[in-house]
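# Examination of the molecular architecture
Next come the chains, spelled out residue by residue.
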Amino acid sequence: MSDGLRLMAVHAHPDDESSKGAATTARYAAEGHDVLVVSCTGGERGDVLNPRLQGDPEIERDLPEVRRREMAAAQAILGVQHTWLGFVDSGLPEGDPLPPLPAGCFALEPLEVTTEALVRVIREFRPHVMTTYDENGGYPHPDHIMCHNVSIAAFRAAGDPSAYPHAGEPWQPLKLYYDRGFSRAKFTAFHEALIAKGLESPYAEWLENWGDRPEGRITTRVPCSDYFGKREQALLAHATQVDPDGNFFRISKAMQATVWPTEDFDLALSYVPLADAEDDLFAGLGSQQESDALATTGARQLVVDDVREREVA
């Protein structure tokens, strides 16, 4: 490990790490911080979304192995570390009524099982900051919702010596953020920027279909436009999962950097106060030595607990 602070990004499937917070993780890795991406599942039940690869016999024969190779390529592009938590993709159920989830999938695993697995990774990597999804999963995929649940449970348990005592020495991450990469405000800004230049916007339909979905709170905006190219390359590395001619790539990196040069997050749990106009996931932590001391002492108190506040509400 380096002498920098450590960031762990917990995601449901391979490719999520490249579409959510990728420029932020690439920036911190380039600045010398240790960054670990955790993929809770292998994406085994994902569809092939790239029209150019649909019907490819090798991909149809061994999609799980293909997705592992794609993840390795994206990891190298972002400059991060990576680990598999080892659970099986639940798939996205479709139909009315929805069919049952497949036996043995991640979303049906007992929470104590998935929590212990992530606690082991936390206690080994010893992150100071974690990122994950909110209670809606970012969107209501069962694996994204389970990713939220296990991340919250593991964050709370990792520093408790009485919790999962065989899963390593206690280590308390100090901050947990929700990714807020997809927001109405951001897509509206992109839409208006394209229209102002006389270009066709792919975001009009998205905005029309947004409905009454609540807009997630943003507490922290991380400047990372210098790494938008890395983000795009990493996403394209997941060739089965993205259409290179699709909407993700309709607005140039230069326009994105002008219109929305940050990736955005919501501080949900923290042992240090939220800074005003926060622009750094490590804000308030001090040095690595100071953060390590706080992560290993029992004299801590959550000063931000938006999870509890939402549960109470």
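Look above for the structure.
None of the values given here were measured: they were computed from a predicted structure.

### Looking at the environment of Phe187
Here Phe187 lies in helix H7 (residues 184-196). Considering only alpha carbons, one finds Phe187 and Ala204, 17 residues apart in sequence, at a separation of 8.7 Å. Residues within four places of Phe187 in sequence aside, it is in contact with Phe182, Tyr203, Trp206, Leu207 and Trp210.

### Considering the state of the cysteines
This model, assessed by the stated rule, comprises 0 disulfides. Of all cysteine sulfurs in the structure, the one in Cys40 sits closest to Cys147, which takes part in no disulfide; the separation is 4.1 Å. A relative accessible area of 0% places Cys147 in the buried class. With no disulfide of its own, Cys224 lies closest to Cys147 among cysteine sulfurs, the gap being 20 Å.

### Let's talk about helix H9 (residues 228-237)
By the burial criterion, the buried members of H9 are Phe228, Gly229, Arg231, Ala234, Leu235 and Ala237. Contacts from the buried residues of H9 go to helix H1 (16-19), helix H2 (22-30), helix H4 (63-78), helix H10 (253-259) and strand S7 (262-270).

### A few points about the side chain of Arg67
Within the element layout of this structure, Arg67 appears in helix H4. With a relative accessible area of 2%, Arg67 lands in the buried category. In terms of polar contacts, Arg67 uses its side chain to reach the backbone carbonyl oxygen of Gly43, at 2.8 Å. Contacts of Arg67, omitting those with residues within four sequence positions, involve His13, Pro14, Asp15, Gly42, Gly43, Gly46, Thr240 and Gln241.

Definitions and cut-offs
- Residues numbered from 1 in each chain as written.
- Predicted model: local features only at pLDDT ≥ 70, side-chain atom pairs only at ≥ 80, totals over all residues.
- Heavy atoms only, no water.
- Helix = DSSP H or I, 4+ residues; strand = E, 2+ residues; numbered from the N terminus.
- Contact = heavy atoms within 4.5 Å.
- Disulfide = S-S within 2.5 Å.
- Buried < 20%, exposed > 50% of the residue type's maximum accessible area, 1.4 Å probe, protein only.
- Polar contact = N/O pair within 3.5 Å; in protein donor to acceptor, adjacent residues only side chain to side chain.

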